[in-house]
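# Examining the three-dimensional arrangement
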Amino acid sequence: MAQQQNKLKLYSYWISSCSWRIRIALNLKGLQYQYIPVNLLKGEHFSPEFQKLNPIGYVPVLVDGDIVISDSFAIFMYLEEKYPQIPLLPSDLPKKALNIQATNIVSSSIQPLQNLAVLKYIEEKTSPDEKIPWAKFHIEKGFAALEKLLKDHAGKYATGDEVSMADVFLAPQIFNAIKRFNVDMAKFPLLTRLNDAYSELPEFQKATPENQPDAPPA
């Protein structure tokens, strides 16, 4: 098993749900890391220095010694392989596949359609009034699918009684649905219950936006 030798560096933005996923994973695995803020509103992700780390200009980026990885899914899988002492993917193959399926609903079918760049494009090309309905439509479509997918598998957490990859990706998405997009969670009782469970976990709470060093003062 690999032991942590170098202090990891995480390029992150406080409200970025993709960065948030990795903060949770790092906390759950007990890994120390240096937090390097990248202010998306100021366009710091377009700087030549940052684009050398990630040519597409998104956070998060993880630096582990000489290794540079971008994209939260890729970073998660790297951490899972290199630091397996606290696994977040089940060894049981069907349960592992279920985790990856639920994760991909969040990372491929919900979050990219409601991120900052897409909402700005919707606002510019149509109307500022269209961006929230657009986001809510895609969030609710994904949440409805997740409710069906997980209903026969969930325990205390998304795919059983142990925290796993699906939970790491679900927690920020549920939070943003409630806080940023005012989604009516009464339609999604399973996800609501999971959200309550996440609120009791210190590794999840330590990763929340308001607890990040680049969060604006309350």
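Details of the structure are given in the entry above.
Notes on the structure follow. Since this is a predicted model, take the numbers as computed values, not measurements.

## Considering the sheet that holds strand β1 (residues 8–12)
Ordered in space as β2-β1-β3-β4, the four strands form an open sheet in which the pairing is mixed. Two strands in the sheet have a free side with no partner beyond their single neighbour: β2 (33–37) and β4 (67–70). If you compare each strand with its neighbour and ignore which way they point, the axes differ by 20° on average. Here β1 runs beside β2; their pairing, made up of five bridges, is parallel. Note that in β2 the partner of L8 across the bridge is Y33. On the sheet, helix α1 (residues 17–28) packs against β1 and β2 and is oriented at approximately 155° with respect to β1. Against the sheet, helix α3 (residues 72–82) engages β1, β3 (61–64) and β4, with an angle of about 135° to β4.

## Brief notes about helix α6 (residues 131–150)
Taking 1.5 Å per residue as the helical rise, α6 with its 20 residues ought to reach 28 Å, and the 28 Å between its terminal C-alpha atoms agrees with that figure. Considered for burial, the residues of α6 that qualify are A135, H138, I139, G142, F143, L146, E147, L149 and L150. Of the surrounding elements, those touching the buried residues of α6 are α4 (93–110), α5 (116–125), α7 (165–179) and α8 (189–198).

## Quick word on unusual backbone geometry
Across the junction of V59 and P60, the peptide omega takes the value 5°, indicating a cis bond. Residue placement: P60 occurs in the loop between α2 (48–53) and β3. The phi torsion at D71 lies on the positive side, around 85°, for a residue other than glycine. Counting through the fold element by element, D71 comes out in the loop between β4 and α3. Overall, D71 belongs to the partly exposed group, its relative accessible area being 43%. One non-glycine residue with positive phi stands out, namely N182, at about 55°.

## Re the nonpolar core
F76, L79, F143, L146, L170, L191 and Y198 are the most contacted members of the largest nonpolar core, which totals 55 residues. Elements with a contribution of two residues or more to this core: β1, α1, β2, α3, α4, α6, α7 and α8. In terms of residue count, the dominant contributor to this core is α7 (eight residues). Look past the residues within four positions of L191 in its chain and what remains in contact with it is F143, L146, E147, L170, I174 and M185. Ranked by size, the runner-up nonpolar core spans nine residues in total, among them Y11, Y13, I36 and V38.

## Details of the pattern of salt bridges
For the structure on display, the rule yields four salt bridges. Across the salt bridge formed by E80 and K29, the nearest N and O atoms sit 2.9 Å from each other. You can see E80 sitting in helix α3 and its partner K29 sitting in the loop between α1 and β2, a full 51 residues away along the chain. In terms of burial, E80 and K29 fall into one category: buried. The closest approach of N and O atoms between D64 and K82, which form a salt bridge, is 2.8 Å. Taken together, the residues span a long stretch of sequence, with D64 in strand β3 and K82 in helix α3 at a distance of 18 residues.

## Digging into the pairing of β3
Regular strands place their side chains on alternate faces of the sheet. Across the two faces of β3 the burial is the same, with V61 and V63 and L62 and D64 all buried. Sheet topology places β1 next to β3; three bridges connect them, and they run antiparallel. Its bridge partner lying in β3, Y11 is registered against V61. In terms of strand pairing, β3 meets β4 through four bridges, oriented antiparallel. Its bridge partner being in β4, D64 is matched across the sheet by I67. Connecting β3 to the next strand, β4, in antiparallel fashion are two residues, including G65 with a positive phi near 65°.

Procedures and definitions
- Residues numbered from 1 in each chain as written.
- Predicted model: local features only at pLDDT ≥ 70, side-chain atom pairs only at ≥ 80, totals over all residues.
- Heavy atoms only, no water.
- Pairing = 2+ DSSP bridges.
- Helix = DSSP H or I, 4+ residues; strand = E, 2+ residues; numbered from the N terminus.
- Axes fitted to C-alpha atoms, helices over the stretch in contact; angles between N-to-C directions.
- Contact = heavy atoms within 4.5 Å.
- Expected span 1.5 Å × (residues − 1).
- Buried < 20%, exposed > 50% of the residue type's maximum accessible area, 1.4 Å probe, protein only.
- Core = buried A, V, L, I, M, F, W, Y, C linked by side-chain atoms within 4.5 Å.
- Salt bridge = Lys/Arg side-chain N within 4 Å of Asp/Glu carboxyl O.

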